[in-house]
Amino acid sequence: MPIKKVIDLCDYYILILGKRYGSVNKQTGISYTEMEYNYAMDKGIPVLVFSLADSVQVEAEKEETDDILKGKLAEFKIKAMQNRLASVWHDSSELLGKVAISIMQAKNEIKRHGWSRGASTNSEDLLKQILLLKDENEALKKRISSVTNLEKNPDLEKIFIRKKYFYILQKGEFSLLILQ
């Protein structure tokens, strides 16, 4: 499940439940949504749950018709609503407000790493990478400056410039430089 990599990067997982159980994984018999929820819970990622109230009427195609899937949805809702960060919504504007408030509340109550995963990165390794990239950048700058002036480079046979690329033929050796 490639979504696991995305969930691993999340500080909070937001689950919005409607009146459909969703696509079911044939191997597990569980919806992909429930599998994602379970994965987030197993990883200790705080889950904010928002469930559409049972009393809200929706269009027929937005409501589960299969009795087995209705039962699975009901069980999933019971499990998810036991979460202390769960609430019920009745319309999209109420959902929007509840999501905004819950995110602010969760940020204040449950400290997470945030976008920069500095806690999981060895700063010494990161510094080494930065220095290597700096050296590589300087070498490429020198190479570009040496090939962009035709008069000063007698070994240069041909240079082609196409969009962001230099194609260079120098002493029978072909090179490609990519400009950023």
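Scroll up for the structure.
These lines cover the structure that appears in this document, whether it is placed above or below. (Residues numbered from 1 in each chain as written. Predicted model: local features only at pLDDT ≥ 70, side-chain atom pairs only at ≥ 80, totals over all residues. Heavy atoms only, no water.)

When we look at burial in helix α2 (residues 32-42), the residues that qualify are Glu34, Met35, Glu36, Tyr37, Tyr39 and Ala40. The inward-facing, buried residues of α2 abut α1 (3-9), β1 (13-17), β2 (47-52) and α3 (67-81). Of the residues trailing α2, Gly44 is marked for its positive phi of about 75°. (Buried < 20%, exposed > 50% of the residue type's maximum accessible area, 1.4 Å probe, protein only. Helix = DSSP H or I, 4+ residues; strand = E, 2+ residues; numbered from the N terminus. Contact = heavy atoms within 4.5 Å.)

So, about the sheet that holds β1. With respect to topology, three strands assemble into an open sheet ordered β1-β2-β3, the strand pairing being parallel. Of all strands in the sheet, those bounded by a partner on one side alone are β1 and β3 (86-89). Shown here is a sheet whose adjacent strand axes are inclined to one another by a mean of 20°, direction ignored. Sitting on the sheet, α2 touches β1 and β2, and the angle it makes with β1 is about 150°. (Pairing = 2+ DSSP bridges. Axes fitted to C-alpha atoms, helices over the stretch in contact; angles between N-to-C directions.)

Within the structure shown, the criterion is met by two aromatic pairs. Between Tyr21 and Phe76 the ring centres are 6.5 Å apart and the planes differ by 85°, which places this aromatic pair in the edge-to-face class. Here Tyr21, found in the loop between β1 and α2, pairs with Phe76, found in helix α3; they are 55 residues apart in sequence, far enough to count as distant. Measuring from ring centre to ring centre gives 5.5 Å for Tyr37 and Phe76, while their planes differ by 70°; the resulting arrangement is edge-to-face. Taken as a pair, Tyr37 in helix α2 and Phe76 in helix α3 lie far apart in primary sequence, 39 residues in all. Chaining the aromatic ring pairs together yields one cluster made of Tyr21, Tyr37 and Phe76. (Phe/Tyr/Trp six-rings, centres within 6.5 Å; stacked < 30°, edge-to-face > 60°.)

This part covers the packing of α2 against α3. Running from N to C, α2 and α3 point in directions that differ by 25°, and their axes come no closer than 11 Å. Here α2 is positioned roughly parallel relative to α3, judged by the angle of their axes. α3 is crossed by α2, and the crossing has left-handed handedness. For the pair α2 and α3, contact is made by Thr33, Glu34, Tyr37 and Asn38 and by Phe76, Lys79 and Ala80, respectively. The class makeup of the residues in the contact of α2 with α3 is three nonpolar, two polar and two charged. (Parallel < 35°, antiparallel > 145°, perpendicular 65-115°, else oblique. Left-handed = near helix turned anticlockwise from the far one by under 90°. Nonpolar A, V, L, I, M, F, W, Y, C, P; charged D, E, K, R; others polar.)

Turning next to the pairing of β3. Burial along β3 is one-sided: the face carrying Ser87 and Trp89 is buried and the face carrying Ala86 and Val88 is not. Of the strand pairs in this sheet, β2 and β3 are connected by four bridges, and their pairing is parallel. The residue bridging Phe50 from the neighbouring strand is Ser87, located in β3. Remark: the β2/α3/β3 crossover connection has right-handed handedness. (Right-handed = clockwise from strand over helix to strand, strands pointing away.)

Once that is clear, we can look at the nonpolar core. Counting residues in hydrophobic clusters, the biggest one holds 15 residues, and the most contacted among them are Tyr13, Leu15, Tyr37, Val47, Val49, Phe76 and Ala80. Where this core is concerned, the elements lending two or more residues are β1, α2, β2 and α3. Counting 12 residues, the second largest nonpolar core, distinct from the first, contains Tyr12, Leu48, Phe50 and Ala53. (Core = buried A, V, L, I, M, F, W, Y, C linked by side-chain atoms within 4.5 Å.)

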